Amino acid sequence: MQSENLVEMLRNRRSRLLDPDAGALTAAVVVLLRGAVGEVELLFLQRAQREGDPWSGHIGFPGGKIDASDESPRHTAIRETREETAIDLERADFVCRLDDQATHLSKVHVAGFVFYLANGSDLTLNHEIRNAFWLPLSDLMDENRYVTTTVTGEWGAREVCAIDLLDGNGPVLWGLTYRFTAQVLSCAGHELPGGSEVQLR
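Residues numbered from 1 in each chain as written. Predicted model: local features only at pLDDT ≥ 70, side-chain atom pairs only at ≥ 80, totals over all residues. Heavy atoms only, no water.

Asks: Could you clarify how one ought to interpret the environment of Leu10 in this entry?
Replies: Structurally, Leu10 is set in helix α1 (residues 3–12). Taking the C-alpha atoms as reference points, Leu10 and Val184, 174 residues apart in sequence, are found 7.3 Å from one another. Excluding residues that lie within four positions of it along the chain, Leu10 makes contacts with Leu33, Val95, Cys96, Leu98, Val114, Val184 and Cys187. (Helix = DSSP H or I, 4+ residues; strand = E, 2+ residues; numbered from the N terminus. Contact = heavy atoms within 4.5 Å.)

Asks: Explanation requested: the nonpolar core in the structure shown.
Replies: Most often, soluble globular proteins have nonpolar side chains that are buried together. Ranked by size, the top nonpolar core spans 36 residues in total, and within it Leu6, Leu10, Val31, Leu33, Phe44 and Leu165 carry the most contacts. Where this core is concerned, the elements lending two or more residues are α1, β1 (27–35), β2 (40–47), β5 (93–97), β7 (109–117), β8 (129–136), α3 (137–140) and α4 (175–187). Per-element accounting of this core gives the leading share, seven residues, to α4. Leave out the neighbours within four places in its chain, and Phe44 touches Ile59, Gly60, Phe61, Asn131, Ala132, Phe133, Leu135, Leu140, Leu165, Leu173, Thr177 and Thr181. (Core = buried A, V, L, I, M, F, W, Y, C linked by side-chain atoms within 4.5 Å. Buried < 20%, exposed > 50% of the residue type's maximum accessible area, 1.4 Å probe, protein only.)

Asks: Quick question: what am I supposed to make of the pattern of salt bridges here?
Replies: Pairs can form between side chains of opposite charge once their charged atoms are near each other. Taken as a whole and judged by the stated rule, the model has 15 salt bridges. The partner of Arg11 in a salt bridge is Asp93, and the shortest N-O contact between them spans 2.6 Å. One end of the pair, Arg11, is in helix α1; the other, Asp93, is in strand β5, with 82 residues separating them in the sequence. Residue classification places Asp93 among the partly exposed positions, given a relative accessible area of 28%. (Salt bridge = Lys/Arg side-chain N within 4 Å of Asp/Glu carboxyl O.)

The structure is reproduced here in structure tokens:
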């Protein structure tokens, strides 16, 4: 799909925001799109291994916890993206806010914001990020990459839907990042397995 078409579809979608009675937002992430030859790409990060961090080593989007000093969740997402990748989104093309995501077990409530870069940007990763990579939309739609995996944590061990982005050479995409990705792909007319279901992360 051409990047312009996907961006326009995302702009026109209606977002479901978290009911304030369900709890306050605790974090915000950026789903960063860039134009590429023939299609659009998404930026994914592999977080560094950090003791005490339950998501260390996992694949995610730029983002992090909302600080009291942040003007808004969107400001959090922009700040965290700049800290983690050196990409400044202050003047970038803001596309839309995705449906908020909540987890019942960890009480993590996350807002997702989509930005578009026409020509991409150089990355400078901080100590929290091990690796970063741009992935074409077609790879995310490749059903040969769809797997189920067992995740463990405070909930015990559960089987969840996931995407093998790294051809078996790294962690799979699952949880909140999977659910935000599912929203983007849905606008492109592609549904991920279990994409709209509540998962554990």
